[in-house]
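Below, each chain spelled out in residue letters.
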Amino acid sequence: RRVTMTNFETQIRVSQAPEVYGLWGRAFRPFFLLMAVFGVVAIVVWVSMWSGRLALPTWGRVSWWHGHELIFGFAAAAVAGFILTASAVWSGRRAVQGLPLMALVFVWLLGRVAFLLSAYVPSWVVACCDLVFLPLVAGCLIWTLYGSGQWRNYALVAVLIALTMCNLMMHLAVLGIEVTPLFGLIQLQLSGEAALRAAIDIVILLLSIIGGRIIPPFTANALNRDGVEHAIKRFVWLDRSIIGVFVLLTLTRILSVQTGMLVLSIAAAALTVGRMWTWQTWRTLHYPLLWSLHAGTFWIVVGLMLDAAWLAGLSIPASTGVHALTIGAISGSILAVVTRVGLGHTGRLLSLPVGAVWIYVAINLAALTRVILVITPANYYSEMLWLSAVCWSFAMLLFVNRYFSILVNSRPDGRPG
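Residues numbered from 1 in each chain as written. Predicted model: local features only at pLDDT ≥ 70, side-chain atom pairs only at ≥ 80, totals over all residues. Heavy atoms only, no water.

Undergrad: Describe the overall build of the protein, listing the residues and the values that go with them.
TA: Assigned secondary structure in the protein consists of 14 helices and zero strands. Ordered by position from the N terminus, the helices and strands of the protein form the series α-α-α-α-α-α-α-α-α-α-α-α-α-α. Overall size of the protein, expressed as C-alpha extent along the three principal axes, is 60 × 55 × 45 Å. Each of the 417 residues in the protein was classed as buried or not, and the buried ones make up 53%. Pairs at least 24 residues apart make up 78% of the contacts formed inside the protein by residues separated by at least 6 positions. Taken as a whole, the protein presents about 19000 Å² of accessible surface, with 69% of it coming from carbon and sulfur. (Helix = DSSP H or I, 4+ residues; strand = E, 2+ residues; numbered from the N terminus. Buried < 20%, exposed > 50% of the residue type's maximum accessible area, 1.4 Å probe, protein only. Contact = heavy atoms within 4.5 Å. Areas by Shrake-Rupley, 256 points an atom, 1.4 Å probe, with all protein chains shown as cover.)

See below:
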């Protein structure tokens, strides 16, 4: 009886708390905007440093800084905005908003500023500022899900913890701290590259989980409205197999088991192709809000196969598959999701703002341009890299331009959020 009364009292307190409207009403609003703005800043700084136009000392290696900020800065903001918004819908609990949301955004910004100034402050200070964010997001997610019975969504907490461990591994590598063998049996590979690569795999795993939940119903609804008779099929064994393979792929990446990485990359690509077939991807080409999601999944296949080709010893740079995954799959999927969430969760029709389709075109061109650098003549390499950066920046800036008022202002229907 005491437990029941406690839950009841909690629900009363939550329902009586004042709702917040506008920018701080839901996590997706500030995080999606900051994600896009930061994406432009980070890529311009990176390409300027790479080309020698900007001499800015950084944390660890320059390539580590670039990769870290894409995953733990750009992607982490998108993940936080989506998860903390969706979890409130899943659980029926009060969303993170107002002052707690402001504090969370401040912590994220603190980590980004620490990285920009990482040459001028001790590495342990950078680590402390940066490592706090994802555990706080995990804590907010637990608070939102607690008591809701949504047990399967606690898997997202495990994903956030795994990402935090990869982030910690990168910071330890920069600090020069070595890790002893695990139980005297397994020597973990704590190089910055291994930790970053494992983090990329974890984000791809997260995209596969979320994509498996949202893409089939979104696709089915659109096709049904057009009278398409073929139903979208979902196979539980396929969804679970993909998750299992990506978990194993991440583990083999950390342990540097090259044969395992090769086999599992091919297996993950094949399973993802099978998934796209059941989703009837070829029927979505007339719907930008749909084909953008499917394009992100397609880039997962491309990235995994390029990665497998490199592991098999073909003359393909390791970075080729990585950029297919980070620009095409991760960034493309993120923009596909945030453009849709930015409409649906602000009470608007699922119709893109004028010209917003070029967001998808530009981010996919950025991925394509970066991937085909492998066959670009050396004297055009720098120009192609800048072209990819321009396409990326255009996609982010166009998102800010088209969605700023949508994300900052209150919902037109007067509801909170």
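That covers the picture; the talk isn't over yet.
Undergrad: Pulling in residues and values, what's your account of the packing of aromatic side chains?
TA: Each aromatic ring pair is characterised by the separation of its centres together with the angle its planes make. Under the counting rule described, the total for this entry stands at 10 aromatic pairs. Seen in terms of ring centroids, Phe-31 and Phe-133 are 5.7 Å apart; in terms of plane orientation they differ by 55°. Their pairing is tilted. Here Phe-133 lies in helix 6 (residues 133–145) and Phe-31 lies in helix 2 (residues 28–50), a separation of 102 residues in the sequence. Each member of the pair, Phe-31 as well as Phe-133, is classed as buried. Between the aromatic rings of Phe-235 and Trp-237, the centroid separation amounts to 6.3 Å while the plane-to-plane angle is 50°, which identifies the pairing as tilted. Residue Phe-235 is classed as partly exposed on the basis of its relative accessible area, which comes to 33%. (Phe/Tyr/Trp six-rings, centres within 6.5 Å; stacked < 30°, edge-to-face > 60°.)

Undergrad: So, the pattern of salt bridges: which residues are in play, and what are the values?
TA: On inspection of all chains with the given rule, the structure shows 10 salt bridges. Across the pair Arg-253 and Asp-201 runs a salt bridge whose closest N-O atoms are separated by 2.8 Å. In this pair, Arg-253 sits in helix 9 (residues 236–255) while Asp-201 sits in helix 8 (residues 192–225), placing the two residues 52 residues apart along the sequence. Each of the two residues, Arg-253 as well as Asp-201, counts as buried. Through salt bridges with shared partners, one network takes in Arg-197, Asp-201, Arg-253 and Asp-307. (Salt bridge = Lys/Arg side-chain N within 4 Å of Asp/Glu carboxyl O.)

Undergrad: Describe the nonpolar core, with residues and values.
TA: If you look at the biggest cluster of nonpolar residues, it comprises 133 residues, and the most contacted ones within it are Phe-31 and Phe-133. Setting aside its immediate chain neighbours within four residues, Phe-31 contacts Ala-77, Ala-80, Gly-81, Leu-101, Leu-104, Val-105, Trp-108 and Phe-133. (Core = buried A, V, L, I, M, F, W, Y, C linked by side-chain atoms within 4.5 Å.)

Undergrad: Let's hear about helix 13 (residues 357–371): which residues, and what values?
TA: The end-to-end C-alpha distance of helix 13 is 22 Å, a good match for the 21 Å that 15 residues give at a rise of 1.5 Å each. Listed as buried for helix 13 are Ile-359, Tyr-360, Ala-362, Ile-363, Asn-364, Ala-366, Ala-367, Thr-369, Arg-370 and Val-371. Tucked inside the fold, the buried residues of helix 13 contact helix 11 (288–311), helix 12 (318–344) and helix 14 (381–408). (Expected span 1.5 Å × (residues − 1).)

Undergrad: If you had to explain the packing of helix 12 against helix 14 to someone new, which residues and values would you point to?
TA: Contact pair helix 12 / helix 14: the axes reach a minimum separation of 11 Å and the direction vectors enclose 15°. Classed by the angle they form, the pair helix 12 and helix 14 counts as roughly parallel. When the axes of helix 12 and helix 14 are compared, the crossing they make is left-handed. Residues Ile-327, Ser-331, Leu-335, Val-338, Thr-339, Gly-342 and Leu-343 of helix 12 pack against Ser-388, Trp-392, Ala-395, Met-396, Phe-399, Tyr-403, Ile-406 and Leu-407 of helix 14. For the contact of helix 12 with helix 14, a count of residues per class yields 11 nonpolar, four polar and no charged. (Axes fitted to C-alpha atoms, helices over the stretch in contact; angles between N-to-C directions. Parallel < 35°, antiparallel > 145°, perpendicular 65-115°, else oblique. Left-handed = near helix turned anticlockwise from the far one by under 90°. Nonpolar A, V, L, I, M, F, W, Y, C, P; charged D, E, K, R; others polar.)

Undergrad: Go over the side chain of Gln-97 with me, naming the residues and quoting the values.
TA: Structurally, the position occupied by Gln-97 is in the loop between helix 3 (62–91) and helix 4 (98–116). Among the polar contacts listed, one links the side chain of Gln-97 to the backbone nitrogen of Val-20, at a separation of 2.7 Å. Excluding anything up to four places from it in sequence, Gln-97 contacts Pro-18, Glu-19, Val-20, Trp-24, Gly-25 and Arg-26. (Polar contact = N/O pair within 3.5 Å; in protein donor to acceptor, adjacent residues only side chain to side chain.)

Undergrad: Pulling in residues and values, what's your account of the confidence of the model for the protein?
TA: Mean pLDDT for the protein: 87, with 91% of residues reaching 70 or above. Looking across the protein, the model is least confident in helix 1 (residues 2–16), with a mean pLDDT of 41, and most confident in helix 13, with 96. Segment residues 1–16: pLDDT under 50, and one contact once partners within four positions in sequence are set aside and those in other chains are kept. (pLDDT = per-residue confidence, 0-100.)

Undergrad: Give a detailed account of the packing of helix 3 against helix 4, specifying residues and quantitative values.
TA: Between helix 3 and helix 4, the least distance of the axes is 11 Å, while the angle of their chain directions is 175°. Classed by the angle they form, the pair helix 3 and helix 4 counts as roughly antiparallel. Here Trp-65, His-68, Glu-69, Phe-72, Gly-73, Ala-77 and Leu-84 of helix 3 come into contact with helix 4, specifically with Leu-104, Trp-108, Arg-112, Phe-115 and Leu-116. Here the contact of helix 3 with helix 4 is built from residues that sort into eight nonpolar, two polar and two charged.

Undergrad: If you had to explain the environment of Asp-307 to someone new, which residues and values would you point to?
TA: Summarising the element assignment, Asp-307 is placed in helix 11. Look past the residues within four positions of Asp-307 in its chain and what remains in contact with it is Arg-197, Arg-253, Ser-265 and Gly-321.

Undergrad: So what's going on with a nonpolar patch on the surface? Residues and values would help.
TA: There is a patch of nonpolar side chains on the surface, built from Leu-365, Leu-368, Ile-372, Val-374 and Ile-375 and spanning about 420 Å² of accessible area. Within the secondary structure, Leu-368 sits in helix 13. Residue classification places Leu-368 among the partly exposed positions, given a relative accessible area of 41%. (Patch = residues over 30% accessible without salt bridge, like charges linked within 9 Å, V, L, I, M, F, W, Y side chains within 5 Å.)

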